[in-house]
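# Overview (structure and organization)
Now for the letters of each chain:
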Amino acid sequence: PGGFELDVHIADVSFFVKPGTPLFDEALRRGNSYYLAGSVIPMLPEILSNEFCSLKPKTERLAFTARMRFDQKGKMTGYELFRSVIYIDKRYTYKEAHKALGKKKNPLADAMELAEVLIAHRDQQGRIDLNIAEQKAIYNKEGKFLGLESQERLQSHRLVEECMLSANQAVANYALKYHLPILHRNHESMPIDKLERLNRYLEKYVARLKIMGTDQKEIARILGHESLDPVREVFQFLLLRSFMQANYMPESKGHWGLAFSEYAHFTSPIRRFAD
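Summarised in this report is the structure supplied together with it.

Conventions used here
- Residue numbers here run from 1 along each chain, matching the order of that chain's written sequence.
- At least 70 in pLDDT is required for a residue's local features to be given in this predicted model, at least 80 for side-chain atom pairs to be given and counted, and no such filter applies to totals for whole chains, interfaces and linings, which use all residues.
- Hydrogens and waters are ignored; side-chain quantities use all the structure's heavy atoms.
- Pairing between two strands requires that DSSP report at least two bridges joining them.
- Think of it this way: any DSSP run of H or I at least four residues long counts as a helix, any run of E at least two long counts as a strand, and we number them from the N terminus.
- Relative accessibility under 20% of the residue-type maximum defines a buried residue, over 50% an exposed one, and the middle range a partly exposed one, all with a 1.4 Å probe and only protein chains included.
- Between 30 and 60 degrees the pair is tilted, below 30 it is stacked and above 60 it is edge-to-face, where a pair is any two Phe, Tyr or Trp rings, Trp via its six-membered ring, whose centres lie within 6.5 Å.
- The criterion for a charge sitting over a ring is simple: Lys NZ or Arg CZ within 6 Å of the ring centre, and within 35 degrees of the ring normal.
- For helices, the fitted axis covers only the stretch in contact; all axes are lines through C-alpha atoms, and the angles between them, taken along N-to-C directions, range from 0 to 180 degrees.
- Any pair of residues with heavy atoms lying within 4.5 Å of one another is described as a contacting pair.
- Residues enter a nonpolar core if they are buried and are Ala, Val, Leu, Ile, Met, Phe, Trp, Tyr or Cys, with the set joined through side-chain atoms within 4.5 Å.
- The definition of a polar contact used here is a pair of N or O atoms within 3.5 Å, where within protein one atom must be able to donate a hydrogen and the other to accept one, and adjacent residues in sequence count solely through side-chain atom pairs.

Looking at chain direction, strand β1 (residues 4-11) and strand β4 (residues 59-70) are connected through 8 bridges and run antiparallel. Its bridge partner lying in β4, Ala11 is registered against Ala63. Where β4 and strand β5 (residues 76-88) come together, 12 bridges link them in antiparallel fashion. Pairing of Leu62 across the sheet is with Val85, part of β5. Hairpin remark: β4 followed by β5, antiparallel, with 5 residues in the connecting loop; positive phi at Gly74, about 95°.

Have a look at this one:
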């Protein structure tokens, strides 16, 4: 009745990768895992990324847990961060989780209820939600490129996104509260000069719409307008190209696109050194 409690468990890579070791230095040199069309150049050796740090079912794994509390409207009211050992009962693919969410009785129902509450809360705060389908390269058995395929954005994708955004927000807040030196993930406001190009497009294709400023809620108003539907996909790409690039900095400047006053990357330590 008082709201929700959410635990997000992230593999504790820092237990295995210690500063001053060749493993640490090489991960720092690479910075990230690099995802190519048909393969990946990992930041960490596969014995870590695919084995000891991988959350495999029916195993215990070392983790870092963000335990968060939310009121019924989706506002975060508190959190704890601690090292943990977790037992993974079951591993879902996104498609399996999406299928499970369609059933009356499923273990993910409460989590999806929270995700929907968080989506509504963040949209109300002014989050800019671009619903752009991800493109995946398709190859045959010989490795020949066959084309691109649009990946549907499933309910399970949204569920995980909202959980990860929450954990990243909690960690950024913790770092600021206790003056911990971390890299913040910042995204600054869209430059005012980009509005002219967007409005020229709208004038040509959706005459009744005009963006009046770079405030997130104004952008969200345009995206929510039904008259945008015939050109929505193209407009979203133009809008995305008009945004400032997000960056990592020791200072916290907030995340304009997400409408967060603080934000950091914490949830992918296997593939991002900053995390």
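Structure shown, so let's carry the discussion forward.
Below, the discussion takes up the environment of Gly102. As for its position among the elements, Gly102 is in the loop between α3 (94-101) and α4 (109-125). We classify Gly102 as exposed; its relative accessible area is 67%.

Time to look at the packing of aromatic side chains. The full count for this structure, using the stated rule, is 11 aromatic pairs. Seen in terms of ring centroids, Phe15 and Phe16 are 5.2 Å apart; in terms of plane orientation they differ by 80°. Their pairing is edge-to-face. Residue Phe15 is classed as partly exposed on the basis of its relative accessible area, which comes to 45%. Judged by its relative accessible area of 28%, Phe16 is partly exposed. Among the aromatic residues, those joined into a ring-pair cluster are Phe15, Phe16 and Phe52. One Lys or Arg, Lys90, reaches over the ring of Tyr92 and ends 5.0 Å from the middle of that ring.

We now examine the sheet that holds β5. The antiparallel open sheet is built from 3 strands, whose spatial order is β1-β4-β5. Strand pairing shows two members of the sheet lacking a second neighbour, β1 and β5, which therefore form its edges. Geometrically, the sheet is characterised by an average inter-axis angle of 25° between neighbouring strands, direction not taken into account. Strands β1 and β4 of the sheet are contacted by α4, whose axis makes an angle of about 100° with β1. Its contacts with the sheet put helix α5 (residues 155-177) on β1, β4 and β5, and the angle it makes with β5 is roughly 110°.

Despite not being glycine, Lys58 has its phi angle at roughly 60°, a positive value. Mapping Lys58 onto the fold places it in the loop between α2 (46-52) and β4. Backbone geometry at Ala259 places phi at a positive 60°, although glycine is not the residue there. Mapped onto the secondary structure, Ala259 falls in the segment after β9 (247-249). For Ala259, a relative accessible area of 22% translates into the label partly exposed.

Now for the nonpolar core. The biggest cluster of nonpolar side chains holds 22 residues, and the ones touching the most others in it are Leu6, Val8, Met68, Phe70, Leu114 and Ala167. Elements that contribute at least two residues to this core include exactly β1, β4, α3, α4 and α5. The residues touching Ala167, leaving out its near neighbours within four places in the chain, are Val8, Ala66, Met68, Phe266 and Thr267. Counting 19 residues, the second-largest nonpolar core is a separate cluster that includes Leu130, Met190, Leu195 and Leu198.

A word on the side chain of Ser33. By the element assignment, Ser33 lies in the loop between α1 (22-30) and β2 (34-35). Given a relative accessible area of 12%, Ser33 falls into the buried group. There is a polar contact of 2.9 Å between the side chain of Ser33 and the backbone nitrogen of Met43.

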